[in-house]
Amino acid sequence: MQQAEGRVRSKSLLEEMSLIGFIPYTDYYTIQLALNSVDLNGHLYVAPNLVKFSKDTPAYPYFRTITKATGKQYRIDGKLYIDPILDEIPSCILQYAHFKQPFNGNQLLKMIYKKWDKKDLFSKNEDGSYNYTGREGEWELSHGLGNMISISNNFLCLCSYMNKVTGTPSYAVLTSDDTIRVLPENEEE
């Protein structure tokens, strides 16, 4: 398990920043952001547990804890968000259902029951509820607020730093591949 805390830096920037959260994303989100010509490090709007990349984009949740989801069982309910499923749902079903991303587990259940034949991604319990099993390469992102959990096959790192020019707090979004943890001098990697 990894907590969003401590100091990090980018491979391309030497400036140290504080890691404050993890933003789940998938190919679907990447395409949506690209279609809206979003600059991930433009003017970010950051609130507790939410980030917006511009005034015109939806607010995306960010989480404080991340761990591997491979093989774990998750009961599908209103507090579970399964982002990789977005990449597999035909867009016609999303349009028909009028769902905006990210949608929660209750909305996913409606799609399973009514329109979507990919029930093999889920296991059905005796009480009629469904579970999702984390697949290889998927991550569980969580925080203490309302026990919300997001499953994603990738994530971004939300970081904060003090802007040396303005003297105000600023934010940056780094890919997980570009983020390097900075260890205190008395710790080893």
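Scroll up for the structure.
The notes below deal with the structure included here. No experiment lies behind these values; they were computed from the predicted model shown.

**Remarks on the packing of aromatic side chains**
Part 1: With the rule as written, the count across this model stands at four aromatic pairs.
Part 2: Ring geometry for Phe122 and Tyr132: centres 6.0 Å apart, planes at 50 degrees, overall tilted. Pair noted here: Phe122 is in strand S10 (residues 122-124) and Tyr132 is in strand S11 (residues 130-133), with a separation of 10 residues, a long-range link. Judged on exposure class, the residue Phe122 and its partner Tyr132 are both buried.
Part 3: Measuring from centroid to centroid gives 5.4 Å for Trp139 and Phe155, while their planes differ by 80 degrees, and the two rings are edge-to-face. Taken as a pair, Trp139 in strand S12 (residues 139-142) and Phe155 in strand S14 (residues 154-162) lie far apart in primary sequence, 16 residues in all.
Part 4: The exposure class assigned to Phe155 is buried, which follows from its relative accessible area of 11%.
Part 5: Connected via pairs of aromatic rings, a cluster forms that spans Phe22, Trp139 and Phe155.

Rules and cut-offs
Counting restarts for each chain: residues are numbered from 1 in the order of the written sequence. Confidence filtering applies because this is a predicted model: local features only for residues at pLDDT of at least 70, side-chain atom pairs given and counted only at 80 or more, and all residues used for totals across whole chains, interfaces and linings. Only hydrogens and water are set aside; all other atoms, that is, all heavy atoms of the structure, feed into the side-chain values. Each Phe, Tyr or Trp ring, with Trp reduced to its six-membered ring, pairs with another whose centre is within 6.5 Å; inter-plane angles below 30 degrees give stacked pairs, above 60 give edge-to-face pairs, and intermediate values give tilted ones. Put simply, DSSP H or I for four residues or longer makes a helix, DSSP E for two residues or longer makes a strand, and each gets a number counted from the N terminus. Exposure is judged per residue with a 1.4 Å probe applied to protein chains only, and the accessible area is read against the type maximum: over 50% gives exposed, under 20% gives buried, and values in between give partly exposed.

Don't take any of this as a statement about function, it's just geometry.
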